[in-house]
Amino acid sequence: MKISGTTQLACLLGHPVSHSFSPYIHNYLAEKCGLDMRYVCFDVEDEQVEAAVKGIRALGIVGSNVTIPYKIKVMDYLDEIDPNAAIIGAVNTIKNENGKLIGYNTDGVGFVKSVIEAGHTLKGKTVMVLGAGGASRAITVELAAAGVKKLLICNNTLAKAEQLSAQIKEHFAEVSIQIGLLNITEADLQGVDFLINTTPVGMSKQKALCPINETIQPPKGLVVCDIVYTPHDTKLLLWAKVNGLQVVHGIGMLINQAVHSFYLWTGKEVAAYEDILALLVEQG
Ligand code: ATR
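No experiment lies behind these values; they were computed from the predicted model shown.

Draft legend 1. Fine view of the site of the ligand. In the vicinity of the ligand, 15 residues are found, and the nearest of them are Gly133, Gly134, Ala135, Thr157 and Thr199. The leading source of residues in the shell around the ligand is helix H5 (residues 134-145), at three residues. Its residues assigned to classes, the shell around the ligand shows five nonpolar, nine polar and one charged.

Draft legend 2. Here's a closer look at the UniProt feature "binding site: NADP(+)" (unreviewed entry) in the chain. UniProt records the feature "binding site: NADP(+)" (unreviewed entry) at Gly131, Ala132, Gly133, Gly134, Ala135, Ile227 and Gly250, using the numbering of this structure. Inspection of the secondary structure assignment puts Gly134 in helix H5. With sequence-adjacent residues up to four places away left out, Gly134 is seen in contact with Lys71 and Ala90. Residue classification places Gly250 among the buried positions, given that 25 C-beta atoms sit within 10 Å. Beyond its immediate stretch of four places on either side in the chain, Gly250 contacts Asp226, Ile227, Val228 and Tyr229.

Draft legend 3. Highlighting the domain arrangement of the chain. Entries for the chain in the domain assignment read domain 1 (8-105 + 253-283) and domain 2 (108-249). Inter-centroid distance (C-alpha atoms) of domain 1 to domain 2 is 26 Å. Taken together, the contact between domain 1 and domain 2 spans 13 residues of the former and 17 residues of the latter. Looking at the side of domain 1 that touches domain 2, the elements that each hand over two or more residues are helix H3 (83-88) and helix H9 (251-266). At five residues, H9 tops the list of elements feeding residues into the side of domain 1 that touches domain 2. When the residues that make up the side of domain 1 that touches domain 2 are grouped by side-chain class, the tally is six nonpolar, six polar and one charged.

Conventions we followed
Counting starts from 1 at the beginning of each chain's written sequence and moves along it residue by residue. Local features in this predicted model are restricted to residues whose pLDDT is 70 or higher, and side-chain atom pairs enter the listing and the counts only when it is 80 or higher, whereas totals over whole chains, interfaces and linings include all residues. Throughout this description, a residue near a molecule or strand is one whose C-beta atom, derived from the backbone, lies within 6 Å of it. Only DSSP runs of H or I covering at least 4 residues are called helices, and only runs of E covering at least 2 are called strands; the numbering of each starts at the N terminus. Polarity classes work like this: nonpolar for Ala, Val, Leu, Ile, Met, Phe, Trp, Tyr, Cys and Pro, charged for Asp, Glu, Lys and Arg, and polar for all others, with Gly in that last group. UniProt positions are given in the numbering used here, feature names are shortened, and annotations may be inferred rather than shown by experiment. Any residue pair is listed as a contact if its two C-beta atoms, each placed from the backbone, are within 7 Å. With C-beta atoms placed from the backbone, a residue is buried if 20 or more other C-beta atoms are within 10 Å of its own, exposed if 12 or fewer are, and partly exposed between those counts. Where a domain begins and ends is set by an automatic assignment or by a domain database.

Next comes the structure, spelled out in structure tokens:
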């Protein structure tokens, strides 16, 4: 597709941004939908974040993704925040609606979609989440919104799990929540339908590590999800597979958070999981 005088722009704001997969995904989606739109990455210095966000409005950029370390900071410069993004306390997507900048968080939505696309149902289920950081916040809020019955939030720093639990309870009173430490036992997993790792344990340099003790025998029917996507099969997912369990790979959340951002900007809902997966594998 050619760039012309009518080409629209979407972008990523962050620091650093050079390793982002988002340009591959969004430019692919724009082309697939026949949209005259391009997506580029902007590496923004901390003191320029406000100007960069205002630039979205000034330049008529259709929307932006926001990545580390600005997911919280950008919220100060937006006109409106989506209710779930406000509970999460972070924004990864900005939509420019005729000059009004609205902040969303598509990370948790993307995760939930990846579980549903794998053929599972979350409504009424018991879910154990490992970690209570930013990713956990995004995921647990969307799990609550998706109607899970019970959340077990496990983290080394108990105070963070407690804080997250209190916030979810405030907004989703119908969800039962328990907190605990990360030293999960076989007994802890009884009655759990989904186990989700949101910690970086198992990622790249820590790829030999597993967030739970691999000698544990999991209950039958447990679905194990990891948001770590490098490596594709983490130690946790390998443990699940060895025990005959179904898994949900972290790449699904990465793809679906992008697909949902694209939907917010363009109104186009694209089912392109396999194509994007192939594209990302090609990019390494
Ligand atoms: P992100 O935004 O990617 O979620 P984060 O906000 O730094 O990153 O949160 C990382 C989460 O993984 C936290 O829950 C953190 O635990 P603490 O709250 O106790 O710090 C957890 N985490 C990070 N490294 C860990 C490790 N080596 N073992 C267990 N938990 C870890």
